[in-house]
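A look at the structure
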Amino acid sequence: MSARHRERIIEIAAPLAAGALFLAAWEAVVRWKGIPPYILPSPLVVAETLWRDGPSLLGSLAVTLRITAAALLAAVVLGGALAVLFAQSRLLEISLFPYAVILQVTPIVAIAPLIIIWVNDTFLSLLICAWIVAFFPIVANTTLGLNSADRNLVDLFRLYGASRWQMLRYLRLPAALPYFLAGVRISGGLALIGAVVAEFVAGAGGTETGLAYRILEAGYRLQIPRLFAALLMLSAAGIAIFAVLSWLSRRLIGHWHESALPRED
Amino acid sequence: MKRENYETNPIFSLGGVGKTFRSGTEALSGIDLAVAAGGFVSILGPSGCGKSTLLRIIAGLVPPSQGRVHWEGDVGRHIGFVFQEPTLMPWATVWDNAYLPLRLAGCPRAAAEAPIAATLASLGLAGFEKAYPRELSGGMRMRVSIARALVNAPRLLLLDEPFAALDELTRFRLNEDLLRLWERHRWTVVFVTHSVFEAVFLSKRIVVMTPRPGRIIADLPIDLPYPRDAGLRTAPDYADRCRAVSALLSETIA
């Protein structure tokens, strides 16, 4: 018990210490070399800027997060539905899956301008861009999960005369849940990246601008500490999304899935 | 070798059943087998003799390439199947795993309470209803798997080397418990195994198979009286039967 406790403390303390050490070194180098803040601001200056500009940046963060959340939701719903459809028809899967791959490997920066031209509504165009980036892991993972139900269990369901719906509801969907959740965790981060990239391409979009545009703007004006502050916010948002999705995953499958079980060494 | 079809009241019979896989492998050839209602038949043979395939053909999970399976009456959905692995749903509790056959047959949860409680108790699983498979030992998981196969009162129970992966003590206990349940309920059992000792201990009748292609080469009754219990394992009668069946089996492999 106490050994486990100690391990837990080390798990938290070690990365914190490493981070503190890195920041201290950064601060020392900036001061010692006299690097001006428009080249590389020191951590203390960034913190100060974050404190000062934080409230005004928060509004922009909210815009970006709204796009991220909507894109992730769309990816979950459409990606999940597409995977279920694929699981029902092998023909449909082999017909459409290559196009999902093509959509995935095409760089979003290359197609974002087109989407922004084609779709009038800024929010919607940004949402579509972020969705394109986010939906593939969910489709790919869930399809894999739906097809990886235990073969003997599939036979057992057949033996008991299970309908297609019963097979899906009681076997394929629960078996796919861990795969789906792993996909959602990846997609959460990708949705944020997609939203940021789309905002970069779209530039100033109407009255409400996202955090990505704030970063661009700060760069143009050489407000590098402000750029760092915005960047910090963006990373924090990404980490928070990952943490929330991981927590959700543990809540949903923690009681049975191997990935969530403690290791007994 | 001479075989006689002495089964008078068969629940099903196989006529000239053969199976050739798409790969060209001939797994089974010319299988004639009738199994009496209430019988306990073991299919004994070395690995790769097609005994699992035969069991799957009986269950209707694999279509035969030649021949046919003839059923007496409507056994249809009243088949229980136990695999070599427990094959439980890891996301479901013991209770929900046992509920599966009833759920798929459209039985509401409330109506399933009584049969599930009785079946779990008969397998020593009372008190484990809310446990998840990962929390159980291998032997306990296999008990859940058997409970699932028995919960809807099957007429035919098919077991595919169910205890092969368990340690010896656990296997003995499960053999005895299975026999005790069979003596009480008298469903028909077809039990696939590669263990001579297990087959002799359990069965009324042993069907010996040889590989490439799988054929039946001997069909013999085990005339030891029931009820049989752990004491039988050390009895001279039991040793004699085991020796005889072993000799027969080594002949087939040679």
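Residues numbered from 1 in each chain as written. Chains lettered and ligands numbered in written order. Predicted model: local features only at pLDDT ≥ 70, side-chain atom pairs only at ≥ 80, totals over all residues.

All names here are of chain B. A rise of 1.5 Å per residue sets the reference length of helix α5 (residues 168–185), with its 18 residues, at 26 Å; its end C-alpha atoms lie 26 Å apart and thus fit the reference within 8%. Along α5, the residues that are buried comprise N175, L178, L179 and W182. Here the buried residues of α5 occupy an arc of 100° about the axis, which is enough to place them on one side. In α5, the exposed positions angled more than 90 degrees off the buried face are occupied by L169 and R184. On its buried side, α5 packs onto β3 (40–44), β7 (188–193) and α6 (196–202). Just downstream of α5 lies R186, where phi reads positive at about 55°. (Helix = DSSP H or I, 4+ residues; strand = E, 2+ residues; numbered from the N terminus. Expected span 1.5 Å × (residues − 1). Buried ≥ 20, exposed ≤ 12 C-beta atoms within 10 Å, placed from the backbone. Arc of directions from axis to C-beta. Contact = placed C-beta atoms within 7 Å.)

What follows is about the sheet that holds strand β2 (residues 26–36) of chain B. Residue and element names in this part refer to chain B. The strand order β2-β1-β4 describes an open sheet built from 3 strands, whose pairing is antiparallel. Here the strands that pair on one side only, and so sit at the sheet edges, are β2 and β4 (66–71). Ignoring strand direction, the axes of neighbouring strands in this sheet form an average angle of 10°. Looking at chain direction, strand β1 (residues 10–20) and β4 are connected through 5 bridges and run antiparallel. (Pairing = 2+ DSSP bridges. Axes fitted to C-alpha atoms, helices over the stretch in contact; angles between N-to-C directions.)

Residue and element names in this part refer to chain A. Domain assignment breaks chain A into domain 1 (1–35) and domain 2 (39–259). Between domain 1 and domain 2, the contact holds 6 residues from the first and 5 residues from the second. A class-by-class count of the residues in the side of domain 1 that touches domain 2 yields 4 nonpolar, no polar and 2 charged. (Domains from an automatic or database assignment. Nonpolar A, V, L, I, M, F, W, Y, C, P; charged D, E, K, R; others polar.)

A separate point is the packing of helix α2 (residues 43–88) of chain A against helix α8 (residues 211–220) of chain A. Residues and elements named next belong to chain A. It is at 7 Å that the axes of α2 and α8 come closest, and there the two elements cross at 130°. Here α2 is positioned oblique relative to α8, judged by the angle of their axes. Where α2 approaches α8, its residues L57, S60, L61 and T64 are matched on the opposing element by L211, A212 and R214. Looking at the contact of α2 with α8 residue by residue, the class counts come to 4 nonpolar, 2 polar and 1 charged. (Parallel < 35°, antiparallel > 145°, perpendicular 65-115°, else oblique.)

Moving on to the packing of helix α5 (residues 122–147) of chain A against helix α7 (residues 164–202) of chain A. Residues and elements named next belong to chain A. One can describe the packing of α5 onto α7 by two numbers: an axis separation of 7 Å at closest approach and a directional angle of 155°. In terms of their interaxial angle, α5 and α7 are classed as roughly antiparallel. In this structure, α5 meets α7 at a crossing whose hand is right-handed. For the contact of α5 with α7, a count of residues per class yields 26 nonpolar, 8 polar and 2 charged. (Left-handed = near helix turned anticlockwise from the far one by under 90°.)

Moving on: the nonpolar core. By size, the foremost hydrophobic cluster in this structure holds 134 residues, and its most contacted members are A71, A130, A134 and A191 of chain A together with L158 of chain B. It is α7 of chain A that provides the largest number of residues to this core, a total of 17 residues. Aside from chain neighbours lying at most four places away, what touches A130 of chain A is I67, T68, A71, A191, G194, A195 and A198 of chain A. (Core = buried A, V, L, I, M, F, W, Y, C linked by C-beta atoms within 7 Å.)

Further remarks concern the sheet that holds strand β9 (residues 215–221) of chain B. Residue and element names in this part refer to chain B. The sheet built from 6 strands is open, its strands ordered β5-β6-β7-β3-β8-β9 with mixed pairing. In this open sheet, the two edge strands, each paired with only one partner strand, are β5 (79–82) and β9. Taken over all neighbouring pairs, the strand axes of this sheet differ in orientation by 15° on average, direction set aside. Here β5 runs beside strand β6 (residues 156–160); their pairing, made up of 4 bridges, is parallel. When the sheet's bridge partners are listed, I79 is paired in β6 with L156.

Attention now goes to the domain arrangement of chain B. Residue and element names in this part refer to chain B. Domain parsing of chain B yields domain 1 (10–78 + 155–253) and domain 2 (92–153). Look at where the C-alpha atoms of domain 1 and domain 2 centre, and you get two points 25 Å apart. Taken residue by residue, the interface counts 10 residues in domain 1 and 7 residues in domain 2. The leading source of residues in the side of domain 1 that touches domain 2 is α5, at 4 residues. Classifying every residue of the side of domain 1 that touches domain 2 by side-chain character gives 7 nonpolar, 1 polar and 2 charged.

Opposite the 16 residues of chain A that make contact, chain B presents 17 residues. Of all the secondary structure elements, the ones that give two or more residues to the side of chain A that touches chain B are α6 (151–159) and α7 of chain A. Among the elements that make up the side of chain A that touches chain B, the one with the highest residue count is α6 of chain A (7 residues).

With that out of the way, let us pick up the pairing of strand β8 (residues 205–210) of chain B. Residues and elements named next belong to chain B. Taken together, the 4 bridges between β3 and β8 define a ladder with parallel strand orientation. Bridge pairing in β8 links V41 to R205. Where β8 lies against β9, 6 bridges are found, and the strand directions are antiparallel. Paired with V208 across the two strands is A218, which belongs to β9. Between β8 and β9, which pair antiparallel in sequence order, lie 4 residues; one of them, R212, sits at a positive phi of approximately 50°.

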